[in-house]
Amino acid sequence: MDTKQLGNTGIQIPEVGYGTWKHHGDPATIRRALEMGAFLIDSAESYDTERYVGQAIAGNREAYFLATKVSPHHFRYADVLKAAEGSLRALGTDVIDLYQLHWPSYDVPIDETMRAMDKLVTDGKVRHIGVSNFSAELLREAERALGDGRIVENQIKFSLLDHEFADEVIPYCAERGMTVFAYSSLEQGAFEDRVAERPQLAETLDRIGAELGKTRAQLLLNWVICEPNVITIPMTSRVERVDENCGASGWRLSAEQWDPLTEAAGDGATRRWWLS
Ligand SMILES: NC(=O)c1ccc[n+]([C@@H]2O[C@H](COP(=O)([O-])OP(=O)(O)OC[C@H]3O[C@@H](n4cnc5c(N)ncnc54)[C@H](OP(=O)(O)O)[C@@H]3O)[C@@H](O)[C@H]2O)c1
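Given the structure is predicted, the values throughout are model-derived calculations rather than measurements.

Counting secondary structure elements, the protein contains eleven helices and ten strands. For 276 residues, the compact-globule estimate of 2.2 N^0.38 gives 19 Å, and the protein sits close to it at 18 Å. Its C-alpha atoms give the protein principal-axis dimensions of about 55 × 40 × 30 Å. In the protein, which comprises 276 residues, the share counted as buried stands at 53%. A sequence separation of at least 24 residues applies to 74% of the contacts in the protein between residues at least 6 apart. Each charge class in the protein can be summarised by its mean position, and for the 29 positive and 43 negative side chains these summaries are 4 Å apart.

Summed over all chains, the structure comprises zero disulfides. Between Cys-246, a free cysteine, and Cys-226, which holds the nearest cysteine sulfur, the sulfur-to-sulfur gap is 17 Å. In this structure Cys-246 comes out as buried when scored by relative accessible area, which is 7%.

Within strand S5 (residues 65-70), six of the six residues are buried, which leaves the element mostly enclosed by the surrounding structure. Burial along S5 is two-sided: Phe-65, Ala-67 and Lys-69 facing one way and Leu-66, Thr-68 and Val-70 facing the other are all buried. Relative to S5, strand S4 (residues 40-42) runs parallel, the two sharing three bridges. Paired with Leu-40 across the two strands is Phe-65, which belongs to S5.

Right, let's talk about the site of the ligand for a bit. Every one of the 29 residues lining the ligand counts as a neighbour, but Asp-42, Ser-132, Ser-184, Thr-236 and Ser-237 are closest to it. At 2.8 Å, a backbone N or O of Leu-186 approaches an oxygen atom of the ligand. Asn-245 is positioned with one of its side-chain polar atoms (N or O) 2.8 Å from a nitrogen atom of the ligand. For the ligand, whose free accessible area comes to 900 Å², the fraction covered by protein is 89%. If one sorts the elements of the shell around the ligand by residue count, helix H10 (residues 239-246) sits on top with three residues. Residue composition of the shell around the ligand, by class: ten nonpolar, 13 polar and six charged.

The biggest cluster of nonpolar side chains holds 74 residues, and the ones touching the most others in it are Tyr-99, Leu-101, Met-114 and Leu-253. A per-element tally of this core places helix H9 (residues 216-225) first, with seven residues. Leu-40, Ala-67, Val-152 and Tyr-183 belong to the second-largest nonpolar core, a separate cluster that totals eleven residues.

Here the focus is the packing of aromatic side chains. In this structure the tally under the stated criterion is three aromatic pairs. Between Trp-21 and Tyr-47, the aromatic rings sit 6.4 Å apart at their centres with planes inclined by 35 degrees, giving tilted as the arrangement. Note that Trp-21 is positioned in the loop between strand S3 (18-19) and helix H1 (27-35) and Tyr-47 in the loop between S4 and helix H2 (50-57), a separation of 26 residues in sequence. For Trp-21, a relative accessible area of 41% gives the class partly exposed. Between Phe-158 and Trp-223, the ring centres sit 5.5 Å apart and the planes meet at 50 degrees, which makes this aromatic pair tilted. A residue pair is termed long-range when its members are at least 10 positions apart, and Phe-158 in the loop between strand S8 (151-157) and helix H6 (164-175) and Trp-223 in helix H9 qualify at 65 residues. An aromatic cluster is defined as three or more aromatic residues linked by ring pairs; in this entry it consists of Phe-158, Trp-223 and Trp-258. Its end group placed over the ring of Trp-21, Lys-22 keeps NZ or CZ at 4.3 Å from the ring centre.

Mapped onto the elements, Gln-155 comes out in strand S8. Looking at Gln-155, its side chain comes within polar contact range of the side chain of Asp-42, at 3.1 Å. Separated by 3.5 Å, the side chains of Gln-155 and Lys-69 make a polar contact. With near-sequence residues (within four places) excluded, Gln-155 lies in contact with Asp-42, Tyr-47, Lys-69, Gln-100, Val-131, Ser-132, Asn-133, Phe-181, Tyr-183 and Ile-233.

With that out of the way, let us pick up unusual backbone geometry. Located in the positive-phi region is Ser-184, a residue other than glycine, with phi close to 50 degrees. Here Ser-184 lies in the loop between strand S9 (179-183) and helix H7 (191-196). Here the phi dihedral of Glu-187 falls at roughly 55 degrees; this positive angle occurs in a residue that is not glycine. Looking at the element boundaries, Glu-187 is found in the loop between S9 and H7.

What follows deals with the packing of helix H8 (residues 199-212) against helix H11 (residues 255-265). With their axes 8 Å apart at the nearest point, H8 and H11 run at an angle of 160 degrees to one another. Taken together, the axes of H8 and H11 are roughly antiparallel relative to one another. Note on packing geometry: the crossing formed by H8 with H11 is left-handed. From H8, Gln-200, Leu-201, Thr-204, Leu-205, Arg-207, Ile-208, Glu-211 and Leu-212 reach across to H11, where they touch Gln-257, Pro-260, Leu-261, Ala-264 and Ala-265. Its residues assigned to classes, the contact of H8 with H11 shows eight nonpolar, three polar and two charged.

Parameters at a glance
Residues numbered from 1 in each chain as written. Predicted model: local features only at pLDDT ≥ 70, side-chain atom pairs only at ≥ 80, totals over all residues. Heavy atoms only, no water. Helix = DSSP H or I, 4+ residues; strand = E, 2+ residues; numbered from the N terminus. Rg over C-alpha atoms; globule rule 2.2 N^0.38 Å. Buried < 20%, exposed > 50% of the residue type's maximum accessible area, 1.4 Å probe, protein only. Contact = heavy atoms within 4.5 Å. Lys, Arg positive; Asp, Glu negative; His and termini not counted. Charge placed at Lys NZ, Arg CZ, Asp CG, Glu CD. Disulfide = S-S within 2.5 Å. Pairing = 2+ DSSP bridges. Near = heavy atom within 4 Å. Polar contact = N/O pair within 3.5 Å; in protein donor to acceptor, adjacent residues only side chain to side chain. Areas by Shrake-Rupley, 256 points an atom, 1.4 Å probe, with all protein chains shown as cover. Nonpolar A, V, L, I, M, F, W, Y, C, P; charged D, E, K, R; others polar. Core = buried A, V, L, I, M, F, W, Y, C linked by side-chain atoms within 4.5 Å. Phe/Tyr/Trp six-rings, centres within 6.5 Å; stacked < 30°, edge-to-face > 60°. Lys NZ or Arg CZ within 6 Å of the ring centre and 35° of its normal. Axes fitted to C-alpha atoms, helices over the stretch in contact; angles between N-to-C directions. Parallel < 35°, antiparallel > 145°, perpendicular 65-115°, else oblique. Left-handed = near helix turned anticlockwise from the far one by under 90°.

Read these as spatial facts, not as claims about activity.
If you want it as structure tokens, here you go:
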């Protein structure tokens, strides 16, 4: 498993982590993820999976990097602190490695929410602060509220088949030294159906997959982590797919492979990672 630096922290995280939205609770996958080098586990208070993560990592907490999220209806100062306590309890830990604002709030001023995030860091309950689903404009406001260099990560939807928002946001994150966590890179499991709608993409995936000895899922995951500041966090409830997804790391699509894949996805993508 190859790693990348988290923001400007000096901490190395795996370029393929493990998401837990809709996770069924079997600890085997979370433990297998660690064995495969995917020691970053992503959860959220709203997923109701923090307790499964806590059970799976019990006795081995320090081997994992734990990321979780606070929901926008808890963005008032006191509510953030309370939500963090709930997540710490559910995860069975004293500290959250990365605490993220799950979505932007249009009700609560970002200054108030960030004051609470700052307090959690000061109190040693959170190590690093991230956000999720933030545009470049919202990131600017969040950075102003918290201070330069303090937001180390933005978690966003990013896949070969859906990258319009990411195309705008990733360059800003790169410029500001933030890592992007790509979610739904496998289209929430619907990638085969979506590929089937694009015969040229199906053919290109299979041709390049045969050249490299990689599956379609591995190509799709590798495509997103070609971006220097991006990692991906696929979710699977099957142990064998943990191995498959982790096999998306340790190699890179070449420019000659990346380009036709991007073209075949057929949505006018123009950005090329090797130029970024
Ligand atoms: N911040 C946000 O707003 C946000 C939103 C969505 C997701 N997320 C995070 O990102 C994580 C990943 O995104 P996601 O869960 O939406 O979608 P995803 O990772 O794109 O897809 C998960 C689905 O893909 C299937 N799958 C996984 N590996 C596969 C493989 N190798 N081959 C075929 N199918 C495979 C899984 O089914 P099986 O279980 O049957 O393998 C599961 O149904 C989430 O778990 C969550 O942590 C964050």
